[in-house]
Each structure stands twice: as structure tokens, then as C-alpha cells.
Amino acid sequence: MTSTPRLELRGISHAFFGMPVNCDISLRVEPGEVLGLVGENGAGKSTLMNIVGGVLTPDEGRMLIDGDPYAPKSTGEARARGIAHVHQELNLFSQLSVIDNVFLTAYPRRWGVFTDRRKARRDTADALAQLELPFSPSTIVEQLSPGHRQMLEIVKGTLGSPGLIILDEPTTSLTSRETHLLFALIERLTAQGTSFIYVSHILDDVKKLSDRIAVMRDSALIDVRAEADLPVRELITLMVGRPLDSLYPDRAGHTPADVQAAPALRLDDVSATGLVHRATLTVDRGEVVGIFGLMGAGRTELARVIAGLDAADSGRIEVAGTDVTRLSPRARIAAGLAFVTEDRRGEGLLMEFPVVANAALPSLARWSGGVLAPLRRRSLRARVQAVTEALRLKATDLTRSPVQALSGGNQQKVVLAKWLLTEPELLILDEPTRGVDVGAQYEVYRTALERADAGTGILVISSELPELLGIADRIVVMRLGRIVAEYPRAQFDARIILGAAFGERPDEVAAGEAASIQIQGGV
Amino acid sequence: MSTTQKTAPPAAAPESARRVDGLHRFLAGEGFVLALIVVYVLAVSPFANGLLTERNAVNVLSNLWPLAIIVIGQSFVLILGGIDLSQTAVISVANTFGALFIAQTFAPALFSDTVFWGSVIGEEGGALSDAGLGGTVLAIVLTVAAGCLIGLLNGCAVAVLRMPPFMVTLGTMLLFGAVAIWMTRSENVTSLPPEYLAIGSTQGGGVASFLTLSMGVAVVVAIGAHYVLSRTTYGAWLYAAGTNRRTAVVSGVPHTRMVISAYVISAGLAALGSVLYSSRLGAGRPTLGDDMLLDVIGAAIIGGISLFGGKGSVLGAFLGALFFVILSNSLNLMNLPFHVVWVVKGLVIVAAALLDVGRNRLIGGRR
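Residues numbered from 1 in each chain as written. Chains lettered and ligands numbered in written order. Predicted model: local features only at pLDDT ≥ 70, side-chain atom pairs only at ≥ 80, totals over all residues. Heavy atoms only, no water.

Enquirer: Help me understand the pairing of strand E1 (residues 7–16) of chain A, please; the structure alone is not making it clear to me.
Expert: Looking along a regular strand, one sees side chains alternate from face to face of the sheet. Residue and element names in this part refer to chain A. Judged by how many residues are buried, E1 sits mostly within the fold: 8 of 10 residues are covered. Sheet topology note: the E1/strand E4 (residues 60–65) ladder contains 5 bridges and is antiparallel. Across the sheet, the residue bridging to Glu8 is Leu64, located in E4. (Buried < 20%, exposed > 50% of the residue type's maximum accessible area, 1.4 Å probe, protein only. Helix = DSSP H or I, 4+ residues; strand = E, 2+ residues; numbered from the N terminus. Pairing = 2+ DSSP bridges.)

Structure (C-alpha cells):
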């Protein structure tokens, strides 16, 4: 692979409002190579990829594709030169069909005028079959699961055999089976000479896929090394700039709390049609309970029912001793519930509002005598400042600059801060580290465990088993809307838990292992 | 990480970024409206005869107070991300309804066929016509209550039935506009008592002709609304609900109650504004609100209250109302034909909507 590189960057620099975000970056991607790109949030990865993908024009430096100068003025031009950029956010038209989404800008033509729908349909069906996607090309995108939508974005990217495909956090919504199918596809395409730049926070995936790994930190390219020369620990040290003892804070386990006190959460036979079926669960004070399950197992749905955002049809929900089954979300917050949702931008934050306004929102009642009584703004601001400092939030102006100017990790800290201000009895964290860099991940978990030590019950939903194994006292597994298994810390075994999520009974673990291996092999 | 980087200047922005930021804030803020007013007055004063005289100033102000109250009411709904088109119908219905109670006499030839004849009204006047000051106060309370009731209807339809605000209030606008006409068979209700006429009276002479009761009402409303929006939990909830409904609900904002209360406030303040208008007019007029929709919405948008929700202030609403009153007044003074006046007003509304889009793109909202 010493021939002409597929893509070469020479001294790329870029700045926003005078703030450098890419400093003098030089990088090569060989034909048929997977280059992993990692770094904390705000390190400049997305900016660099946007430059390569034609979204941004660099202030300085130049690029070459297969040895020819390359200076795209638009994404369309980048596409025409063989660069496909699959963004982290979905860019789909939810009211249109899969075919329309795939071909919207480049429908195949017949006689140069008429769109050739039959060919479009055939090509789409072929592409879907490659990834074993079980939906028809005429499905309306709205009806697809988040995982399938993400796969569709990838399908769009691979169409027309581009020479270089940029994948930016492609697996956040995928089930492990879909992830394996994606990895198999990447392998097939690289064998045919396609290059990839794979951007992700999931370091194991990056290690598994990449030939070489590039690490960015503080707008600069720190190092590029062969995958084999970069163990995860060193990768993290390079990304964070300081050694991090472990990904997760120590969890010695909790001592069973005062049995007199009501548990933080008690679910008794809770059902919500089509979402959750007969869930019974207790979270003690000071206990960290993890919920594991595959995409669509009903974990988020259960959390939303507990928070009062979706109605329970039957059963009883108690938060810190209060029966909240029929209460509004607001009354449940007053009873001690806090809910960090998985959708940070859509449900967690007011993106145009500053940190203080965001952090104060659920706890405003604490700072005034009533809805129309004056807010004690000074003490509120002081408290927000104290909490955000404890979370090591990096923001210069808490009262003026909007939270959308913050990095993903810092935004998540704001969401956490707003719930800490309510001093909750029960803290529900739904995928709290999705799209969050390692440093901030550590802070999020450290803070949650500190709350647990102070007596708050923690309910963590995560698709990443190692994360739950690292911090939970107990893991319950959900499948098809039901709680199917429960394991105390002493019985933690990744294979058994994974098997339960795939629907194997404990006595079938041996068989389950075989099945999950088969699934991992991508059939 | 994604797009967060390109959206805004992070920590310690350099001087150039800060200057751009300052410009954004000015364009979005009340200073811009004030500057617009000053520039406009200077620009048209040579052509509009008597624009800068004391008598005209009294006139402009007496038009400002009721409009400001109504625009402030509209702001509550706009901040929530809705729109209240029915304010004009509320103005028509409420002022006529209130006036019926306190009119001193009704001509049987005009009113004997109306629905209230023999119950609320008769040849000797309305039901409260003999009750003096107390009767007038009660009539005003009834006026505002009638408005609030219509607001309650709007609010419930939007919040509980989840209907689009535009359709709901368009419907109630037509419906209650017709009710206003039906109540008096389109007749004005005249012969109102002196206590009522005193509200909008500018007969004091000198400084006293500026310091009207209307002004007192408007100033109290403005200060109260400013306090509620900027200093209380209610205000914080309103902005949050108007910015991102889902985040607001997850964070415990009682969304349904916010929506209903905003529409009640909007209609209630429209009714209160209509009292000031009809007092100055000396009559309850069932077509009073007919041409006012553009003035109200236009003033709100010019004042920086975004049609997209989540943005706006009482001071902005007030200055927006002032701009529109001066605009109308100056166009009248220039003796322009009716259709030209409407062309200019229409253009100003379009410009205001453009300004709103531009502002949203400049400040924060680079979506």
C-alpha cells in the first residue's frame, strides 16, 4: 500500500470565528484501508470530516484524491469525486419511501427525461439485501426503527461505489446483529478497494475494524499508528491527554440501605399496551440497577412510562414511597423522579438557551414561593454554578451563550446538572454516554455513583454491556417489552446476560453461546 | 460532537466574534425597534403635516395604550409558539357586550329586535346603567370575563384537543365576529356613562391630557406582564414550552395549563384593550376589532416577538405597538388614499416577517 493514497490531506487548517478547530492536519488514507478516527467531543473530528465531505472549505491546506487536486465546493461535488459522507445525524425524509430517500437527488433516467423507477427499485432492493435489511424499498421511512433508519443512511452512502466512505458514529442506533452486518459489509467493500474513515467513540469497534488509527485532540492530529500498536488504554491516554485509570469509576457495591425507607422505585405489574408487559422491579435507595436489552426491547419505553410521559394501562408505580401511577410528569418530579432521556437535543435541552435556564427548568419551584412569585435568581445562579463546577463543565458563560455552543459531553453534563438540582430520589439515565467522549463519560458515571452513595436510586439503561458491568449493582434484562432476567453483581457474566437479551433461557446458555456466535458471524 | 462546533463561537471568542455577537443582540433586541421608530419619525416628519405637534402626540398616545395592551396579550401566545387571530373578535364582542350593561338609553326602533332586549337592556338603559361607578367597574369586569371565556375556549381546543392554533383562532375569529354583530344587529351602543368615558378622556389640557387613565391601565399591565415573563417561574415555563415542547414536558412544565392560560391572558387583555378603545370612541362598537389583526401581529413581530416561539419581551411588544401607531398616524396625516395606507402596512408586515426570519438565523437559531 505504498501506491498513490486514495485521499491525502496536506496542512488542513480551519477556524470558526477566529477559534481554530483544525490545525495543520496532514493525513493519508490508502486504497482499501479502514482508518479509525478517534478523539474527545470537540477535538475537531467532525469539522475535518465536513471539510473532506465538501460541507466546509478549509482556510488553509490542500487535498488530493488519487493524486489529483481536490477542492470540493459542495457535498454534491464531493460525491461526484467519490467521497460519501454518512453523517451521525440522520438526514432522511420521513414522509418519503426508502427508494425516494436513496435516489432523491439522482434518480436513474430513461431517455434522459423520465425517472426509471423500476431500476431504482431494483438497485435499492439489491442494496438492502446486501445488508440483509428486512424492509421493502417502498416502505415509508417514518415506519422504520431508528436502527433501520441508520442502516438506510449507510445504504445511501455505499450506493454508486464511492472510493472513500466516511462513517461518523454509524452504530449508535444499531443492534449488535446489525452492527455485525455492517462490519461484514465494510470488510467486503475494502476487499474491493474501497477506503473508509471510521469515526466513533466505541473504541472496541474502532480497534476491530481499523488498519490504522488517527487520534485527534484539541484541534490537532496527535498521532496515527497501526491498530496493533495502539492498545485501548494508550488510545484513551492519547485522546484525553492524561492517563485515565479506567473507563468506569470504582464501584465497590452498595451496602443494602436502610430497610425502613421506601425504595426509590417500585414497579408492580406495570403494563402499557404494545410497549411494556407486566414489569415488576424494585430499585433500592443507593442501588445502581442497569437495564440491558436489544434495540426495541422496551427499555426506553419502560423509562418513559415510569416518568409519566407515556401512560401505564395497569399496575402500580411508586417513586420514593409515593404512588405516582396517575400523576403528571411534574408531580412525579416533585415526588423525587429525574429522567435523563436518550434524546439530548430533542428532550433534554433547550438548545438556544444558556446553561442556567436549562439547568433550572425542573427545579424552578425550589427558587420561588409559587408560580407567580419572584424567582431568587442570584441563589439559583450560585447553585447552578456549584453543580456545574462539580461536574467539571467547560462553559465560559453560564447565563448568556446557548448550550448548542457546547460539545456533546458538556451538553450531557448540563442535562445531568439540571436533574441534580432537583435532588432526586430516583435518577433514570437512558443511554447517558451516547455520543459523549470518554472524559465526560467518566464524569457522568462518577457523578451518578456519588448520588447513589448519597442514597439516590439509579436506573441506567444502556446498550453497552461493558458499561453496565462496570457500574451496576444489579442488571435486569428486557426482551420484547418484558423483564426476562435479573443478575446481581456476583453473577455478572457477559455471555449469559447477552444470551438472555437474545432470548435464551439460562439452561440453554451453552446453546445460546453457539447461537450468539453464529449471529456475530453475520450468518 | 457533530454540528455543535460550527454553530457558535465557544469560550473566549476573539474580538471580531464578539462584535458580530453584539450586532446580533442589537438586531434581536429592543434597541433596534427604538432606532427604527426614531429614524422613521425623522424621515416622514417633513411630509406628514403636524406629526410632531402636541395635539398629535396626545392622539398617538391615546391610540398606543389600548394597542400596547392587546399586543402584550398576543405576546403570551406567540412566545408559547401559538398565534391568536381571534383577538379582533374578542375586541368586537367584549366592548359591545360591556357597553350594553351601562348604556343610559336604548332607542327601541334600533334595539327592540335584539336578543338582549327586555333582559339586559331596555328603553331605560342597560342593567347596570343606574349603578354609577360600581356599575361601570362591574361592566368592565364582565367585559374582561367575556374575553377570558373565549380565550378559555381557544386554549382548551389547542391544548386538550391538540388542534392547530391557526385554525382554532381563525374559526373563533369568524364565529365571535358574527356574534358581535348579532348582539346589537350591528348597531353601535352609545350614551355611555361619564365614569366610563373618563377612562380614555384627554380633556385635562397640558400635561394632564397625556396622563390619562388609559395610560395608567397600560403601564400597570405592562409592568405586571414584564414581571411575570422575566421574573417568575410562569415566565420561564412559557419560554421553555415555546422553545421545545418535549424538553419542557420532560422537565415538568405543565404544558396544558400553560397553553390554556396563555390564550386566556391573550383574550382577557384584548378585552381590556377594547374597553380603552370604546371609552375613547364613546360607544360600544360591534365592528371595533375588524381591521386590527394586522396591526396587532405586525406590532408584535416588529417588536421582536418571534412567530417561531420562545422569544420576545414586553418592552419589545410595547415599542412594536408604538411603531405601528406612529405608522398609521403618519400615513393618515399624509392624506394618503385608503388603499395606499393598506399597501404600506402590508409591506411593513412582510418586512417584519422577513426580519423575524433573519433574526432567528442570526442569533442562536442557526438551525
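Enquirer: What is the right way to read the sheet that holds strand E19 (residues 426–430) of chain A from this model?
Expert: Each strand in a sheet pairs with another by means of backbone hydrogen bonds, the pair being arranged parallel or else antiparallel. Residue and element names in this part refer to chain A. Spatially, E18-E19-E20-E15-E21-E22 is the arrangement adopted by the 6 strands of the open sheet, whose pairing is mixed. Lying at the two open borders of the sheet, with one neighbouring strand each, are strand E18 (337–340) and strand E22 (482–488). Each strand axis lies, on average, 20° off the axis of its neighbour in the sheet, ignoring direction. Bridge count between strand E15 (residues 288–293) and strand E21 (residues 474–479): 5 bridges; the pairing is parallel. Bridging from a neighbouring strand, Gly293 pairs with Met478 of E21. Where helix H14 (residues 408–420) meets the sheet, it contacts E18 and E19, and its direction lies at approximately 175° from that of E18. (Axes fitted to C-alpha atoms, helices over the stretch in contact; angles between N-to-C directions. Contact = heavy atoms within 4.5 Å.)

Enquirer: Is there a simple way to explain the packing of helix H5 (residues 146–158) of chain A against helix H6 (residues 176–191) of chain A in this structure?
Expert: The axes of two packed helices give the description: the angle between them and the distance between them. Residue and element names in this part refer to chain A. Running from N to C, H5 and H6 cross one another at 10°; their axes reach a closest spacing of 11 Å. Taken together, the axes of H5 and H6 are roughly parallel relative to one another. Together, Gly147, His148, Met151, Ile154 and Thr158 of H5 and Glu178, Leu182, Leu185 and Leu189 of H6 make up the contact between the two elements. Considering only residue class, the contact of H5 with H6 consists of 5 nonpolar, 3 polar and 1 charged. (Parallel < 35°, antiparallel > 145°, perpendicular 65-115°, else oblique. Nonpolar A, V, L, I, M, F, W, Y, C, P; charged D, E, K, R; others polar.)

Enquirer: Honestly, the packing of aromatic side chains in this entry has me stumped. Any pointers?
Expert: Here a ring pair, both rings aromatic, is described through the centre-centre distance and the interplanar angle of the planes. Residues and elements named next belong to chain B. Summed over all chains, the structure comprises 8 aromatic pairs over all chains. The rings of Tyr40, Phe323 and Phe324 are connected pair by pair, giving a single aromatic cluster. Between Lys345 and the ring centre of Trp342, over which it is positioned, the NZ or CZ distance is 5.5 Å. (Phe/Tyr/Trp six-rings, centres within 6.5 Å; stacked < 30°, edge-to-face > 60°. Lys NZ or Arg CZ within 6 Å of the ring centre and 35° of its normal.)

Enquirer: What is the right way to look at the confidence of the model for chain B in this model?
Expert: Low pLDDT marks stretches whose predicted atomic positions should not be read closely. Residue and element names in this part refer to chain B. Per-residue confidence for chain B averages 88 on the pLDDT scale, and 90% of its residues sit at or above 70. Long-range and interchain partners of residues 1–14, a stretch whose pLDDT sits below 50, account for 48 contacts in this model, where long-range means more than four residues apart. Model confidence for the complex is summarised by a pTM of 0.77, with the ipTM given as 0.83. (pLDDT = per-residue confidence, 0-100.)

Enquirer: In this structure, what is going on with the pattern of salt bridges? I would like to understand it.
Expert: Think of it this way: side chains of opposite charge can pair up when their charged atoms draw near. Taken as a whole and assessed by the stated rule, the structure comprises 31 salt bridges over all chains. Taken together, the shared-partner salt bridges in this structure form one network comprising Arg304, Asp310, Asp343 and Glu347 of chain A together with Arg246 of chain B. (Salt bridge = Lys/Arg side-chain N within 4 Å of Asp/Glu carboxyl O.)

Enquirer: Would you mind going over H6 of chain A with me for this structure?
Expert: Owing to its 3.6 residues per turn, the α-helix aligns residues three or four sequence positions apart on the same side. All names here are of chain A. The terminal C-alpha atoms of H6 lie 23 Å apart, and with 16 residues this matches the ideal 22 Å at 1.5 Å per residue to within 8%. Buried residues of H6: Glu178, Thr179, His180, Leu181, Leu182, Phe183, Leu185, Ile186, Leu189 and Thr190, and no others. Directly after H6, the chain includes Gly193, whose backbone phi takes a positive value near 105°. (Expected span 1.5 Å × (residues − 1).)

Enquirer: What am I meant to see in the domain arrangement of chain A here?
Expert: It is common to give the size of an interface as the accessible area lost on bringing the parts into contact. Residues and elements named next belong to chain A. According to the domain assignment, chain A consists of domain 1 (7–240), domain 2 (244–336 + 424–523) and domain 3 (353–421). Across the contact, 16 residues belong to domain 2 and 11 residues belong to domain 3. Taking both sides of the interface into account, the surface hidden between domain 2 and domain 3 amounts to around 1,100 Å²; carbon and sulfur atoms contribute 69%. When the area that domain 2 buries against domain 3 is broken down by residue, the three leading residues are Ile333, Glu443 and Thr447, summing to 34%. Joining domain 2 to domain 3, the criterion identifies 1 salt bridge. For the salt bridge of Glu443 with Arg392, the shortest nitrogen-to-oxygen distance reads 3.0 Å. Summed over the shared surface of domain 2 and domain 3, the number is 3 residue pairs in polar contact (both at pLDDT 80 or more). (Domains from an automatic or database assignment. Buried area = accessible area lost by both parts, 1.4 Å probe. Polar contact = N/O pair within 3.5 Å; in protein donor to acceptor, adjacent residues only side chain to side chain.)

Enquirer: Even after reading the chapter, I still don't get a nonpolar patch on the surface, so can you show me in this structure?
Expert: All names here are of chain B. A surface patch of nonpolar side chains, about 360 Å² in accessible area, is lined by Leu133, Val137, Leu138 and Val141. Looking at the secondary structure, you find Val141 in helix H7 (residues 132–159). For Val141, a relative accessible area of 48% translates into the label partly exposed. (Patch = residues over 30% accessible without salt bridge, like charges linked within 9 Å, V, L, I, M, F, W, Y side chains within 5 Å. Areas by Shrake-Rupley, 256 points an atom, 1.4 Å probe, with all protein chains shown as cover.)

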